[in-house]
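Structural features, examined
Here is what each chain is made of, one letter per residue.
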There are 4 protein chains.
Amino acid sequence: MNKRLKIVTIGGGSSYTPELMEGFINRADRLDIKELWLVDVEEGREKLEIVGAMAQRMIEASGLDTKVFLTLDRREALKDADFVTTQFRVGQLSARVKDERIPGKYGLLGQETNGAGGIFKAFRTIPVILDIIKDMEELCPNAWLIDFTNPAGMVTEAAIKVGGWKRTIGLCNIPVGATKANHEAMGYDENDQILFEKFAGLNHFHWHRVWDRDGSEVTDQLIEAFYNPESEYAKSKKAEVANIAAINYTYEQVKDLGMLPCPYHRYYYIEREMLDENLQNFKDHKTRAETVKATEAELFELYKDPELNYKPEQLTKRGGAHYSDAACEIIASIHNDSRTVMTVSTQNNGTVVDLPYDCIVEVTSVITSHGAEPFNWGTFPPAARGQLQLMKAMEETVIEAAVTGDYGKAVQAFTINPLIQSGNYTIDLLNEMLVAHKDHLPQFKETIEKLEAQGVKYIAD
Amino acid sequence: MNKRLKIVTIGGGSSYTPELMEGFINRADRLDIKELWLVDVEEGREKLEIVGAMAQRMIEASGLDTKVFLTLDRREALKDADFVTTQFRVGQLSARVKDERIPGKYGLLGQETNGAGGIFKAFRTIPVILDIIKDMEELCPNAWLIDFTNPAGMVTEAAIKVGGWKRTIGLCNIPVGATKANHEAMGYDENDQILFEKFAGLNHFHWHRVWDRDGSEVTDQLIEAFYNPESEYAKSKKAEVANIAAINYTYEQVKDLGMLPCPYHRYYYIEREMLDENLQNFKDHKTRAETVKATEAELFELYKDPELNYKPEQLTKRGGAHYSDAACEIIASIHNDSRTVMTVSTQNNGTVVDLPYDCIVEVTSVITSHGAEPFNWGTFPPAARGQLQLMKAMEETVIEAAVTGDYGKAVQAFTINPLIQSGNYTIDLLNEMLVAHKDHLPQFKETIEKLEAQGVKYIAD
Amino acid sequence: MNKRLKIVTIGGGSSYTPELMEGFINRADRLDIKELWLVDVEEGREKLEIVGAMAQRMIEASGLDTKVFLTLDRREALKDADFVTTQFRVGQLSARVKDERIPGKYGLLGQETNGAGGIFKAFRTIPVILDIIKDMEELCPNAWLIDFTNPAGMVTEAAIKVGGWKRTIGLCNIPVGATKANHEAMGYDENDQILFEKFAGLNHFHWHRVWDRDGSEVTDQLIEAFYNPESEYAKSKKAEVANIAAINYTYEQVKDLGMLPCPYHRYYYIEREMLDENLQNFKDHKTRAETVKATEAELFELYKDPELNYKPEQLTKRGGAHYSDAACEIIASIHNDSRTVMTVSTQNNGTVVDLPYDCIVEVTSVITSHGAEPFNWGTFPPAARGQLQLMKAMEETVIEAAVTGDYGKAVQAFTINPLIQSGNYTIDLLNEMLVAHKDHLPQFKETIEKLEAQGVKYIAD
Amino acid sequence: MNKRLKIVTIGGGSSYTPELMEGFINRADRLDIKELWLVDVEEGREKLEIVGAMAQRMIEASGLDTKVFLTLDRREALKDADFVTTQFRVGQLSARVKDERIPGKYGLLGQETNGAGGIFKAFRTIPVILDIIKDMEELCPNAWLIDFTNPAGMVTEAAIKVGGWKRTIGLCNIPVGATKANHEAMGYDENDQILFEKFAGLNHFHWHRVWDRDGSEVTDQLIEAFYNPESEYAKSKKAEVANIAAINYTYEQVKDLGMLPCPYHRYYYIEREMLDENLQNFKDHKTRAETVKATEAELFELYKDPELNYKPEQLTKRGGAHYSDAACEIIASIHNDSRTVMTVSTQNNGTVVDLPYDCIVEVTSVITSHGAEPFNWGTFPPAARGQLQLMKAMEETVIEAAVTGDYGKAVQAFTINPLIQSGNYTIDLLNEMLVAHKDHLPQFKETIEKLEAQGVKYIAD
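Residues numbered from 1 in each chain as written. Chains lettered and ligands numbered in written order. Predicted model: local features only at pLDDT ≥ 70, side-chain atom pairs only at ≥ 80, totals over all residues.

**Re the overall build of chain A**
In terms of regular secondary structure, chain A is built from 18 helices and eleven strands. Computed over its C-alpha atoms, the radius of gyration of chain A comes to 21 Å, within 12% of the 23 Å expected for a compact globule of 461 residues. For the C-alpha atoms alone, the extent of chain A along its principal axes is close to 65 × 60 × 40 Å. Buried positions account for 58% of the 461 residues belonging to chain A. (Helix = DSSP H or I, 4+ residues; strand = E, 2+ residues; numbered from the N terminus. Rg over C-alpha atoms; globule rule 2.2 N^0.38 Å. Buried ≥ 20, exposed ≤ 12 C-beta atoms within 10 Å, placed from the backbone.)

Have a look at this one:
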């Protein structure tokens with residue numbers, strides 16, 4: 001494709017930006033980028049300046065004819081964009097700290113995309129994505145939106161169903177990691193893409209099956225390798241994902257499942273162990289956000305080095321590795337109609353029969369120039385099906401609350417979320433979180449004012 | 001209908017039998033019963049003899065030409081039966097005590113039809129119902145099976161889907177109680193059946209909507225009356241159901257739901273309060289089975305009185321009130337094609353679109369001579385839909401484990417049950433319960449032997 | 001119910017009006033009608049005056065305190081109405097003559113509700129019903145709309161799905177007739193409602209099953225009686241419906257079906273015989289509309305008699321007998337919450353799983369004060385399922401064409417209609433019919449002008 | 001893949017065999033064939049010998065180390081086979097002549113895979129494919145069955161659903177031809193596979209959509225090119241498929257459809273023109289089978305030439321061109337896990353939401369070593385949906401009749417088939433065809449004997 005592209009990255013001040021730059025530079029033969037706009041908000045100005053300068057150095061070192069712009073003016077950036085990627089975090093890491101710590105005070109899991117924290121991240125992010133879409137309708141009506149802001153599944157569902165922006169693809173690095181692990185466990189080189197893998201479910205709540213090149217299904221063999229405590233492989237294994245504790249599943253349960261779970265299933269399949277571990281971190285002030293804050297500070301120190309013009313090794317430890325690279329690959333595949341096989345969040349349209357036709361699912365797809373074409377999946381066995389259906393129902397409830405600011409709907413979402421033990425104390429947690437995040441929840445303004453009038457307070461611990 | 005009937009009651013030694021007798025006597029104009037067979041097992045012989053004698057006295061007092069037989073020989077009883085009702089309890093109340101107390105040791109809810117206890121009740125009961133069906137195929141191939149043995153939904157699903165006995169109807173007294181309460185709250189006489197009510201969901205997990213005679217829906221009005229803590233009615237209200245604590249729902253959540261929940265929803269909607277209350281009873285040795293044991297002892301003392309020939313007032317306190325009366329009404333409606341409107345467990349066939357076509361649902365139906373004809377329901381709003389789908393998936397998993405004795409499937413059922421916090425300790429609970437109930441779990445024989453060899457023990461507390 | 005009602009009948013000048021009057025008079029104990037408004041258009045003024053005067057005489061003779069108004073001002077009539085019934089015919093019988101005769105020129109079936117004629121009746125009627133609904137929104141927002149204007153299924157679907165008037169029930173007399181026939185064939189008195197019948201499908205395209213009071217299904221027995229050419233009953237049988245030739249089905253086909261077809265299935269199951277008979281009538285100028293015109297002329301002569309104050313016997317021959325009576329029964333059942341069992345066109349909502357959730361189906365329902373509550377049906381066996389699905393798809397296409405005036409959609413409807421052999425000549429037929437009906441097809445105005453400019457003409461034969 | 005393969009071709013005496021040989025020879029780098037078995041029945045012995053010798057010459061000329069076996073012993077051939085392809089024709093071309101000519105006597109379409117002829121081809125073929133599968137279960141339990149015997153959709157559905165042989169893929173050359181035409185119309189080289197095409201529906205009854213490399217959908221553009229009578233391309237176009245007359249669609253109808261139809265849709269979309277043309281051929285004794293008989297005779301004369309060792313040009317005219325080549329490509333893609341994109345008949349599993357989950361559909365798939373992985377399709381717009389659903393229902397009815405020999409089911413299939421005008425005369429046609437094909441319809445033996453006793457005769461014209 002000959003067209004010179006304008007790409008916009010919202011949340012450009014992220015510590016991940018160097019990976020994104022590297023991804024673009026490595027795909028220079030498939031992506032001829034004329035302008036790359038890194039956009040951020042006032043709160044993130046300093047980070048944007050540091051990492052933006054670093055991005056400019058990387059481009060310079062690459063010798064490419066790409067201009068990198070840094071701006072706080074989103075509308076200027078969006079004008080005539082071809083691709084918009086989103087990696088912003090409403091409320092910065094401080095908001096994440098609240099998501100992870102407030103539930104802990106109530107004896108509940110504090111996590112970025114699961115439980116009460118995940119619900120509040122959706123509450124804060126969905127209005128912003130809808131706002132971005134409003135700008136895009138006006139300024140770049142043909143652009144593709146590649147979302148890797150979490151919770152990516154709900155954000156994509158809101159963008160497509162509520163915002164009506166069909167050209168949205170949601171992205172996650174978990175399937176990339178699983179592919180790596182599967183090839184490694186089978187003794188193959190990941191780059192050869194020997195295994196045929198089919199993922200289906202929701203973002204952070206999907207399963208997959210794997211076939212070998214001779215046509216035999218090797219899912220059970222991989223379950224043995226990964227989850228049988230007796231297997232050599234399992235004994236040598238470490239954490240799959242930096243932000244999830246490497247506690248083993250109940251082998252019999254995963255074996256009965258007959259599919260490979262995703263790392264986040266731990267919160268649902270071994271809920272007690274994960275909760276205990278999470279509450280220990282809470283007590284030790286070692287929640288993920290607190291850890292990441294330190295890592296980030298180190299990274300930004302590195303980025304300040306005016307000599308550094310390549311992605312530093314340390315970034316890989318950050319947890320979201322491969323995210324940005326996957327985003328670059330999607331852009332390249334759309335732009336070139338490369339038909340790369342990737343697992344992304346896209347419209348269901350019957351791919352997973354057990355879920356509503358018009359919802360968003362995360363499924364293995366071929367990425368074409370007209371979007372993601374998923375492989376059909378069909379139905380799930382009952383045990384997976386039921387939990388999946390509940391999660392989607394919960395997501396729908398969260399999105400409705402996020403869009404309308406309806407308090408009853410928020411209570412409902414808390415009630416049915418499987419990681420929040422329901423009860424009247426749930427209301428206390430919900431109320432405290434609403435007040436804590438009030439700067440980023442305009443849709444709940446009235447409710448929050450009423451709560452504050454009733455004396456509800458956020459008490460940092 | 002002129003035919004003189006043979007009716008068989010399996011679990012005839014139950015303390016509820018007098019209510020059943022009263023139900024039959026009250027419907028003498030619609031049910032001409034030639035023979036009534038009360039069947040029980042050796043363990044229940046004494047109770048059968050006491051309550052059986054009482055049943056004979058009740059018939060005698062009624063002046064009806066009905067012969068009451070007491071027997072331990074199920075096959076003799078089933079020969080040429082027209083209706084078979086089941087009210088047996090495998091392992092008697094002692095098994096229920098285990099179901100309620102063992103989970104408590106693990107900090108989990110101990111309950112007869114929910115959580116780990118409900119799963120084990122299904123494990124013990126399903127093989128027996130399938131055994132009864134095998135006898136029925138041979139001895140009374142045209143008989144109707146009216147099941148009110150719990151968990152009635154799963155038992156009915158096993159009877160119809162696994163046993164292939166289409167002429168099964170499962171029964172619960174909860175909808176009867178709800179109808180009473182709704183009429184009372186609206187100021188109507190329940191017997192006038194003024195309100196039009198439509199229930200749908202699963203046994204012990206359904207919702208309903210209510211319309212007044214002028215066509216207006218009064219569901220929200222009833223939600224206000226029952227669940228708004230400010231309402232006069234709510235303030236005066238007591239426990240809906242004897243075996244469920246009268247802790248109030250979160251008003252905002254039920255209001256958002258827009259449907260009336262069933263009493264058992266408390267375990268899911270205010271999980272923490274219900275668990276706390278349950279664990280307190282556990283500590284105090286006041287679990288429901290322990291309480292019932294005392295009540296039953298009293299009842300049987302009463303039944304021994306050779307002068308007593310009517311249902312004593314005390315039976316009403318027993319919790320299962322109306323169950324037996326509802327069973328009599330179903331029999332009368334089938335026999336006379338009365339087309340009575342009742343809420344029963346029957347084949348879904350699309351009544352609830354959100355659930356598998358071939359599963360069993362509890363829905364408002366017209367009871368005809370050819371069975372239950374349910375009113376169409378359609379879909380549920382997301383929050384109810386998701387939990388309902390998970391519960392059905394859990395039921396399917398439990399039934400499969402109950403039928404096959406597959407240990408992995410049992411682990412899976414424990415993992416996805418929303419009242420069992422998943423984790424490796426779940427395995428310990430499952431294992432202890434398997435060993436504790438070993439006399440009534442022939443399908444798990446091999447697994448249990450293995451567990452015992454590994455040192456797993458049931459430790460009564 | 002104490003409320004004094006205002007009822008409006010659109011198409012009040014119909015020859016059926018006396019049956020409607022009789023229906024109201026017979027239900028005086030359940031319907032206290034204060035005002036009855038008969039509305040018609042200028043074209044029908046004369047008939048309205050004749051039959052309206054007759055209606056007034058009938059009321060007078062009944063001694064009821066009801067006032068009958070005759071008007072051409074629909075809006076005046078609709079003001080504060082409680083029930084609106086529709087029995088109008090856009091373009092009067094002359095339009096029906098065209099529907100029945102133009103297809104004949106192309107060698108195709110000419111029929112009021114099937115084939116090309118049925119499509120055009122929908123094209124003319126749907127815009128008018130949507131117009132009526134607009135008035136109702138303003139003038140009587142709580143009224144029920146009881147439609148018995150054909151094609152009742154499509155008109156009801158347009159009213160509910162396009163017009164958004166949920167309080168619409170579509171009505172047909174075919175199920176009433178079938179119930180009569182079934183009871184007669186079984187030797188029962190129809191008024192005893194002994195048989196339990198369940199109908200499902202679409203208006204003029206449904207099937208039904210029947211159960212006897214002992215619970216046995218007698219569908220096959222009735223198929224034998226009605227359709228086995230050897231059966232005594234079949235030999236004595238006459239036409240089921242006045243406007244459908246009494247040609248027998250292929251017995252083996254109906255037997256394989258295992259359900260009772262509706263009379264209109266003849267057009268689909270024995271297409272060739274029905275077409276031959278229809279074309280013969282076409283040649284003889286004895287199409288149904290031509291016959292009815294004569295009958296109507298006779299009826300209106302009778303109605304002119306100032307002494308006649310009761311429904312004359314001759315009306316029964318008219319074909320639509322029971323329609324008006326059924327309409328009165330629905331009104332009475334809604335008003336009194338009588339919960340009468342009737343087969344009506346209402347929202348599917350999953351009642352028939354094989355059809356879209358949001359479409360209109362004709363199904364056996366309980367008529368309550370809040371509308372029709374259908375009995376669940378489930379799925380059909382393949383042979384019925386496939387044709388039913390095609391018919392619904394055709395209906396959806398017709399409705400879209402009727403609402404938008406899209407010519408391509410009209411071509412599509414003609415192409416997939418199973419009674420119109422597709423082909424380029426279909427276009428000629430469509431074009432001639434568009435031109436012929438131009439006075440009643442405002443939505444196709446542009447297309448028709450274009451066709452006329454191209455020389456397309458309607459040539460009466 | 002290193003394995004040396006054994007491939008078996010049932011119906012090896014077909015005139016297409018040289019194309020198959022060429023396909024294997026051209027893919028020698030991906031398919032190392034040790035043994036190729038050409039199997040036929042006694043009736044086809046002569047043809048097998050001629051074309052088999054020719055096949056051996058082709059292999060010899062290629063220099064490959066492949067041994068070609070000719071046999072009438074199917075079981076010997078199947079022993080340890082890796083792939084089995086089917087291209088047999090039960091009853092040879094003489095049976096096809098009957099399928100095409102008998103309907104003509106009744107004024108109906110005579111065609112190989114549509115209407116009455118298609119139904120009888122299914123009746124004859126399905127029992128044979130089930131027989132082959134029985135042998136395969138015993139002799140080559142891991143082999144893949146590649147069916148290109150027509151009607152390929154129904155044969156595949158019978159093989160998978162009735163025979164239980166999941167490793168079946170049905171094949172058709174129509175999509176290959178459409179891809180060629182689309183690339184040509186867009187000015188692209190077909191081999192570059194620039195366009196992204198998605199087909200869905202049934203064998204000989206599917207539609208497709210096309211996207212260009214820049215992501216824009218070009219379906220409408222192709223509809224203009226192919227079907228707008230004013231387009232340059234349409235004016236220059238010839239028949240798409242040798243056996244289907246090149247009569248143009250109604251442009252407005254195809255335009256409204258918004259998808260590209262398959263050539264066989266002509267029988268349904270312009271039924272009258274196609275019927276007229278077919279009946280003209282009938283009168284002129286130029287039905288397709290009669291024409292093909294002549295072509296075949298010529299081909300076999302050519303094949304006798306002991307010097308000929310390559311596929312002769314003339315074979316391309318035969319109509320089924322690309323079939324065999326597509327079969328070779330599927331085999332190569334399965335064997336090598338090449339993940340080639342092809343449109344094949346495979347299990348639906350929700351790919352087309354409008355059709356039963358467990359049926360067979362023809363859909364664009366990636367061919368992997370574990371079978372076809374279809375791209376999700378979703379739903380169709382109403383007009384296509386309805387006809388598709390009817391066709392599938394008809395197929396299900398035909399398959400049931402073919403498997404059981406149930407006469408009522410055969411009557412039903414004839415009644416609902418959209419190309420057979422239903423009616424009592426349909427029975428006469430059905431009866432004559434049953435008698436005409438009696439040698440190849442063992443399942444209908446009893447029925448046929450009864451018909452013959454009643455005097456039914458096949459009268460060749």
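Back to the write-up after that little detour.
**Topic: the packing of helix α17 (residues 424–436) of chain B against helix α18 (residues 445–453) of chain B**
Residues and elements named next belong to chain B. Direction vectors running N to C along α17 and α18 enclose 110°, while the axes themselves pass 9 Å from each other. Classed by the angle they form, the pair α17 and α18 counts as roughly perpendicular. Residues Asn431, Leu434 and Val435 of α17 lie in contact with α18, whose contacting residues are Thr447, Ile448, Leu451 and Glu452. Of the residues assigned to the contact of α17 with α18, the class counts are four nonpolar, two polar and one charged. (Axes fitted to C-alpha atoms, helices over the stretch in contact; angles between N-to-C directions. Parallel < 35°, antiparallel > 145°, perpendicular 65-115°, else oblique. Contact = placed C-beta atoms within 7 Å. Nonpolar A, V, L, I, M, F, W, Y, C, P; charged D, E, K, R; others polar.)

**A look at the interface of chain A and chain B**
Counting from both sides, the interface comprises 37 residues of chain A and, opposite them, 37 residues of chain B. Put simply, the parts of the chain that give the side of chain A that touches chain B at least two residues each are α10 (251–257), α11 (266–269), α12 (271–283), α15 (382–404), α16 (407–416) and α17 (424–436) of chain A. Here the element with the most residues in the side of chain A that touches chain B is α15 of chain A; it accounts for twelve residues.

**Comments concerning the relation of the copies chain C and chain D**
Superposing chain C onto chain D requires a rotation of 180° together with a translation of 0.0 Å along the rotation axis, leaving an RMSD of 0.0 Å. Those values place the two copies in the arrangement expected of a two-fold rotation axis. When the interface residues of chain C are mapped onto chain D, 100% of them are again interface residues, pointing to one common binding face. (Least-squares fit on C-alpha atoms with pLDDT ≥ 70 in both.)

**Description of the interface of chain C and chain D**
For interface size, the figure often reported is the accessible area lost on association. Each partner contributes residues to the interface: chain C has 37 residues there, and chain D has 37 residues. Elements that contribute at least two residues to the side of chain C that touches chain D include exactly α10 (251–257), α11 (266–269), α12 (271–283), α15 (382–404), α16 (407–416) and α17 (424–436) of chain C. Taken together, the residues of the side of chain C that touches chain D sort by class into 14 nonpolar, 13 polar and ten charged.

**Some words on the relation of the copies chain A and chain B**
In summary, the two copies of the chain are related to each other by a rotation about an axis coupled with a shift along it. Superposing chain A onto chain B takes a rotation of 180° combined with a translation of 0.0 Å along the rotation axis, leaving an RMSD of 0.0 Å. Both copies contact each other with a shared surface, as 100% of the interface residues of chain A are interface residues in chain B too.

**Topic: the pairing of strand β3 (residues 67–71) of chain A**
Each regular strand displays side chains that alternate between the two surfaces of the sheet. Residue and element names in this part refer to chain A. Going residue by residue along β3, you find Val68 and Leu70 tucked away on one face and Lys67, Phe69 and Thr71 left uncovered on the opposite face. Pairing analysis gives five bridges linking strand β2 (residues 33–39) to β3, with the strands arranged parallel. Across the sheet, the residue bridging to Glu35 is Lys67, located in β3. You can see the chain leave β2, run along helix α2 (residues 45–62) and come back into β3, and the turn it takes is right-handed. (Pairing = 2+ DSSP bridges. Right-handed = clockwise from strand over helix to strand, strands pointing away.)

**Concerning the UniProt feature "binding site: substrate" (unreviewed entry) in chain A**
Residue and element names in this part refer to chain A. The positions that UniProt labels "binding site: substrate" (unreviewed entry) are, in the present scheme, Arg96 and Asn150. Across 55 residues in sequence, these annotated residues keep their C-alpha atoms within 11.3 Å of one another, forming a single compact spot. Within the secondary structure, Arg96 sits in helix α4 (residues 92–105). Looking at Arg96, the number of C-beta atoms within 10 Å reads 25, which means it is buried. Beyond its immediate chain neighbours, meaning those up to four positions away, Arg96 contacts Glu112 and Ala289. With respect to the element layout, Asn150 can be found in the loop between β5 (144–147) and α6 (152–162). In contact with Asn150, other than residues within four places in its own chain, are Glu112, Thr113 and Lys121. (UniProt positions renumbered as here; feature names shortened; annotations may be inferred.)

**Examining unusual backbone geometry**
Residues and elements named next belong to chain A. In this model, Asn150 is joined to Pro151 through a cis peptide bond whose omega is -5°. Within the secondary structure, Pro151 is located in the loop between β5 and α6. With a phi close to 55°, His285 is a non-glycine residue in the positive phi region. Topologically, His285 is positioned in the loop between α12 and α13 (288–303).

**Overview of the nonpolar core**
Core analysis: the biggest nonpolar cluster contains 568 residues, and Leu171 of chain A, Leu171 and Ile330 of chain B, Leu171 and Ile330 of chain C together with Leu171 and Ile330 of chain D have the highest contact counts within it. Other than its neighbours up to four places away in sequence, Leu171 of chain B contacts Ile146, Asp147, Phe148, Ala152, Tyr323, Ala326, Ala327, Ile330 and Val344 of chain B. (Core = buried A, V, L, I, M, F, W, Y, C linked by C-beta atoms within 7 Å.)

**Structural notes on α2 of chain A**
Residues and elements named next belong to chain A. When the terminal C-alpha atoms of α2 are compared, their 25 Å separation across 18 residues agrees well with the 26 Å that a helix rising 1.5 Å per residue should span. Among all positions of α2, only Lys47, Leu48, Val51, Gly52, Met54, Ala55, Arg57, Met58 and Ile59 are buried. The elements touched by buried residues of α2 are α1 (17–26), β2, β3 and α13. Looking one or two residues past α2, Gly63 carries a phi angle of roughly 75°, positive in sign. (Expected span 1.5 Å × (residues − 1).)

**Description of the pairing of strand β8 (residues 205–211) of chain A**
Residue and element names in this part refer to chain A. Counted residue by residue, β8 has seven buried out of seven residues, so it is predominantly covered. Residues Phe205, Trp207, Arg209 and Trp211 point to one face of β8 and His206, His208 and Val210 to the other, with burial holding for every one of them. With antiparallel pairing between neighbouring strands as the criterion, strand β7 (residues 196–202) and β8 make up a hairpin whose turn holds two residues, including His204 at a positive phi of roughly 60°.

**Observations concerning the packing of α4 of chain A against helix α5 (residues 115–139) of chain A**
Residue and element names in this part refer to chain A. Put simply, α4 and α5 touch, their axes get as near as 8 Å, and they point 145° apart. The two elements α4 and α5 cross, and the hand of that crossing is right-handed. On α5, the residues that touch Ala95, Asp99, Glu100 and Pro103 of α4 are Gly115, Ala116, Gly117, Phe120, Lys121 and Arg124. A class-by-class count of the residues in the contact of α4 with α5 yields four nonpolar, two polar and four charged. (Left-handed = near helix turned anticlockwise from the far one by under 90°.)

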